[in-house]
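# Structural overview
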Amino acid sequence: MRIALDAMGGDHAPHEIVHGAVEAALRLKEVSNILLVGDESAVRAELAKYPKADLNRLTVVHAPESIAMDDSPATAVRKKKLCSINVCMDLVKRGEADAMVSAGNSGAVAAAAVFGLGRIPGVLRPAIATVLPTRQPHRPLLLLDAGANTDCDETWLAQFAVMGSAYSTAVLKRAEPVVGLLSIGTEDCKGNEMTKKAFSLIQKTDVNFRGNVEGHDLFLGKTDVVVCDGFVGNVVLKTTESVAHAVGYWMKKEFFRHPVRMFGALLLKGALETLKHRMDPEIYGGAPLLGVPGAVIITHGSSTYRAIYHAIIAGAAAASNNLAEVIERRIAAMDAGSVAS
């Protein structure tokens, strides 16, 4: 498996990106080559810091330009033809990489994927799908769209349900994933006009649809895929991350307010470490962009080397499961069903 890695994307590039690639090359036997795409001199300078790096599985591909986090996504992708994101996407298109990973400008990654790879036949809009932990340790939640499409219509949401179900089955190994539509009440009549129409359309697909779910249902572990528009999904994602950090801060502050509590914290150290690991978004490997004919993984801009390492795992998993072909079949079946009805 060959992974094109955007070495210049993210708040901590290229240091954390290269570090993550070095770890992956040493530990992931299923990954035969990691193509580090970016400014060659900067990338090689970082590689030189790791004398034990497996250079036989790390290839530097020069890209003289990069896209900043505050650049206009579509404009930057069009103007900076040789930016690291575009070069990564071109490697996937030419079949020289099986997947690409970037911690850079997520809008630019989505735009470059659509411009460079196109869309899977029948797919109206690609969606960013993010994996979140739930109360059930082995049943994570897939939330989409997480930011690619801030304004959606009901047909897009129905397709998101089908694509999310396909990913949950192919990559997360859920035999019959349960799909829910995020709304303000579980009753069929609740929601805005778009979600009400989407409810009806999703019912006609082949997904295992449980109906509407509310915000407090997300982490119960009873739903495998939750569908919403990109505006709502991005707010949910960032609010969840913020709450997780706030809880950690509050707990630490309270434990240090009294010596007895500090002693209690020492006794609970193992449980607290487990809880921290369960809430750590970096272990879920970034968010796949579903709906394009290639494995594209978008990870957080503040990603550390651990997040990059797990994103490479996610990219390899998406590519090895022929996800694009699975989605194409499911979307075609959905379209055939709508014509028949």
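This text follows the structure it describes.
To keep things clear, this report deals only with the structure shown in the data block. (Residues numbered from 1 in each chain as written. Predicted model: local features only at pLDDT ≥ 70, side-chain atom pairs only at ≥ 80, totals over all residues. Heavy atoms only, no water.)

Turning next to the overall build of the protein. Across its full length, the protein carries 12 helices and 11 strands. A compact globule built from 341 residues should have a C-alpha radius of gyration of about 20 Å, and the protein, at 21 Å, falls within 12% of that. Taking the principal axes of its C-alpha atoms as reference, the protein extends roughly 60 × 60 × 35 Å. Buried residues in the protein amount to 49% of all 341 residues. Contacts spanning at least 24 positions in sequence make up 73% of the contacts within the protein whose residues lie at least 6 apart. As presented, the protein carries roughly 16000 Å² of accessible surface, and 56% of it is formed by carbon and sulfur atoms. (Helix = DSSP H or I, 4+ residues; strand = E, 2+ residues; numbered from the N terminus. Rg over C-alpha atoms; globule rule 2.2 N^0.38 Å. Buried < 20%, exposed > 50% of the residue type's maximum accessible area, 1.4 Å probe, protein only. Contact = heavy atoms within 4.5 Å. Areas by Shrake-Rupley, 256 points an atom, 1.4 Å probe, with all protein chains shown as cover.)

Another aspect to go through is the sheet that holds strand S2 (residues 33-38). Taken in spatial order, the 11 strands make up an open sheet running S3-S2-S1-S4-S11-S10-S5-S6-S9-S7-S8, and their pairing is mixed. The strands lining the two open edges of the sheet, one partner per strand, are strand S3 (58-62) and strand S8 (208-213). Neighbour to neighbour, the strand axes of the sheet diverge by 25 degrees on average, direction disregarded. Two strands pair when backbone bridges link them, and strand S1 (residues 2-6) and S2 are joined in this way by five bridges, in the parallel orientation. (Pairing = 2+ DSSP bridges. Axes fitted to C-alpha atoms, helices over the stretch in contact; angles between N-to-C directions.)

Within this structure, the stated rule accounts for one aromatic pair. Summarising the aromatic geometry, the rings of Phe199 and Phe209 are spaced 5.1 Å apart at their centres and angled 65 degrees between planes, so their arrangement reads as edge-to-face. Residue Phe199 is located in helix H7 (residues 193-203), and its partner Phe209 is located in strand S8; the two are separated by 10 residues in the primary sequence. Exposure class is identical for Phe199 and Phe209. Each is buried. Across from the ring centre of Tyr309, 4.4 Å away, lies the NZ or CZ of Arg27, which sits over that ring. (Phe/Tyr/Trp six-rings, centres within 6.5 Å; stacked < 30°, edge-to-face > 60°. Lys NZ or Arg CZ within 6 Å of the ring centre and 35° of its normal.)

Turning to a nonpolar patch on the surface, a few remarks are in order. Taken together, the side chains of Phe231, Val232 and Val235 present a nonpolar region at the surface, about 260 Å² in accessible area. Here Val232 is to be found in helix H8 (residues 230-255). (Patch = residues over 30% accessible without salt bridge, like charges linked within 9 Å, V, L, I, M, F, W, Y side chains within 5 Å. Salt bridge = Lys/Arg side-chain N within 4 Å of Asp/Glu carboxyl O.)

This part takes up the pattern of salt bridges. Inspection of the entire model under this criterion finds 12 salt bridges. Residue Glu187 is joined to Lys190 by a salt bridge in which the shortest nitrogen-to-oxygen separation is 3.3 Å. Note on Glu187: relative accessible area 39%, which makes it partly exposed. Accessibility expressed as a relative area gives 33% for Lys190, which makes it partly exposed. Between Asp206 and Arg330 there is a salt bridge, and its shortest N-O distance comes to 3.2 Å. Here Asp206, found in the loop between H7 and S8, pairs with Arg330, found in helix H12 (residues 323-340); they are 124 residues apart in sequence, far enough to count as distant.

Quick look at the pairing of S2 now. Counting buried positions over the six residues of S2 gives six, a clear majority of the element. Handedness of the crossover joining S1 and S2 through helix H1 (residues 15-27): right-handed. With five bridges connecting them, S2 and S3 associate as parallel partners. Across the sheet, residue Gly38 finds its bridge partner in S3, namely His62. In this fold, the crossover linking S2 to S3 by way of helix H2 (residues 40-47) has right-handed handedness. (Right-handed = clockwise from strand over helix to strand, strands pointing away.)

Moving on, we come to the environment of Pro51. Among the structural elements, Pro51 can be located in the loop between H2 and S3. A C-alpha to C-alpha distance of 39 Å links Pro51 and Met251, two positions 200 residues apart in sequence.

Across its 16 residues, helix H11 (residues 305-320) extends 23 Å between first and last C-alpha, which sits within 8% of the 22 Å expected from 1.5 Å per residue. Within H11, burial applies to Ala307, Ile308, Tyr309, Ala311, Ile312, Ala314, Gly315, Ala316, Ala318 and Ala319. Asn322 sits one or two residues past H11 and shows a positive phi near 50 degrees. (Expected span 1.5 Å × (residues − 1).)

Cis peptide bonds are those with omega within 30 degrees of zero, and the linkage from Ala13 to Pro14 qualifies with 0 degrees. By the secondary structure assignment, Pro14 is in the loop between S1 and H1. The phi dihedral of Lys173 is positive, around 65 degrees, even though this residue is not glycine. Looking at the element boundaries, Lys173 is found in the loop between helix H6 (154-170) and strand S7 (178-182).

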